[in-house]
Amino acid sequence: MRPVKIFADSTCDLSPELVKKYGITIIPLYVSLGDKAYLDGLEIRPADIFKYYDETKKLPKTSAVPVDSYEKAFKSAVDAGFDVVHFTISSDFSACYQNACLAAEEVGNVWPVDSRNLSTGIGLLVLMAAELAAKGESAEKIAEQVKETAGRVDASFVIDNLEFLHKGGRCSGVAALGANVLKLKPCIEVTGGKMVVGKKYRGSFEKVVKEYVRERLEGNDDVELDRIFVTSTGVDPKFQKEVAKEVKSCLPFKEILITEAGCTVTGHCGAGTLGVLYIRKHNK
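Small disclaimer: the values here were computed from a predicted structure and weren't measured.

Some thoughts on the side chain of serine 156
Point 1. With respect to the element layout, serine 156 can be found in strand β8 (residues 153-159).
Point 2. Within the structure, serine 156 has its side chain in polar contact with the side chain of tyrosine 212 (distance 2.8 Å).
Point 3. Separated by 3.1 Å, the side chains of serine 156 and arginine 216 make a polar contact.
Point 4. If we skip the residues at most four places from it in the chain, serine 156 touches Cys187, Ile188, Glu189, Tyr212, Arg216, Gly275, Val276 and Leu277.

Pasting the structure below:
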């Protein structure tokens, strides 16, 4: 049986430290500011998006990884003797999965996985796959297991300001909320591979986020306690740590990982976004 390499699109939002620790290969999407395209995470960072929007009031655009870029990356690993399991952002958000499948057919020995998720909702599956690969599981078995687990990922974010989502038209129901006028902080949830509006909170961002964390976690016996991500865009690191403490006070997670969302989530949601992402024991 061939050893397995785990690949993921840059949308998984794993930190460089986690990528290195688990030996994951990241394939970047393209992020365009005006007429110039940049490789996500390599040539452009979230701070560049905030600066561009402040100066132009225009949103960035993201582009899927081209088929030939996938082919080149996959072929390099396969020629080196590896099978590949590759994770993409939900196929409802991007053509990445479709393109990865086309490349996989051309190269062979590649198992693309539609995460049905975004950000560290994907990252949870990627780390699970890396752990299975380290135990010597086959690529086919890893792909099967993570596809089953994908339906149990709980991914949500609280949004401080809906300007990016509203302008981008990327989340159903946002335009009708009038949230900025009413000073509401909606929870955006990933359901069925799409972003939908969940509960609408009212109050300061800091107060709302802690309330959101307690409501999702406190007394919740349907949570796998191995790992949870606290993932955010443009949030003070001190507050990130406060949220991690709030998480720990709710449930005894073995690992609480604080990460910054990359350019794709930043381009969708803007600054002042924070979520807790974990795996449930059961499908909803």
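Comments concerning the sheet that holds strand β4 (residues 36-39)
Point 1. Strand order in the open sheet made by the 3 strands is β4-β3-β5, with antiparallel pairing throughout. Among the strands making up the open sheet, the edge pair consists of β4 and β5 (61-63). Strand-to-strand, the axes of this sheet are offset by a mean angle of 30°, without reference to chain direction.
Point 2. Where strand β3 (residues 30-33) and β4 come together, 4 bridges link them in antiparallel fashion. Across the sheet, tyrosine 30 pairs through a bridge with leucine 39, a residue of β4.

Some points on empty space enclosed by the protein
Point 1. Across all of its chains, the model carries 1 cavity of 30 Å³ or more by this definition.
Point 2. With 4 residues, the single largest contributor to the lining of the largest cavity is helix α12 (residues 263-269).
Point 3. Residues belonging to the lining of the largest cavity are distributed by class as follows: 5 nonpolar, 2 polar and no charged.

Remarks on the layout of surface pockets
Point 1. Taken as a whole, the largest pocket encloses approximately 430 Å³ of empty space.
Point 2. Lining the largest pocket are 21 residues, with Leu14, Ser15, Pro16, Gly41 and Arg45 positioned closest to its centre.
Point 3. Elements represented by at least two residues in the lining of the largest pocket include exactly α1 (16-22) and β12 (256-260).
Point 4. Sort the elements by how many residues they give to the lining of the largest pocket and β12 lands first, with 3 residues.
Point 5. Residues of the lining of the largest pocket, tallied by class, amount to 11 nonpolar, 5 polar and 5 charged.
Point 6. For the second largest pocket, the calculated volume is near 290 Å³.
Point 7. Around the second largest pocket, the lining residues are Leu124, Met128, Glu131, Leu132, Lys135, Thr149, Arg152, Glu224, Asp226, Arg227 and Ile279.
Point 8. Elements supplying a minimum of two residues to the lining of the second largest pocket: α5 (120-134) and β11 (223-233).

Calculation notes
Residues numbered from 1 in each chain as written. Predicted model: local features only at pLDDT ≥ 70, side-chain atom pairs only at ≥ 80, totals over all residues. Heavy atoms only, no water. Helix = DSSP H or I, 4+ residues; strand = E, 2+ residues; numbered from the N terminus. Polar contact = N/O pair within 3.5 Å; in protein donor to acceptor, adjacent residues only side chain to side chain. Contact = heavy atoms within 4.5 Å. Pairing = 2+ DSSP bridges. Axes fitted to C-alpha atoms, helices over the stretch in contact; angles between N-to-C directions. 1 Å grid on protein atoms, 1.4 Å probe; cavity = no way out; pocket = protein on both sides within 12 Å on 5 of 7 lines; lining within 4 Å. Points joined across faces, edges and corners; volume = space filled by probe spheres on them. Nonpolar A, V, L, I, M, F, W, Y, C, P; charged D, E, K, R; others polar.

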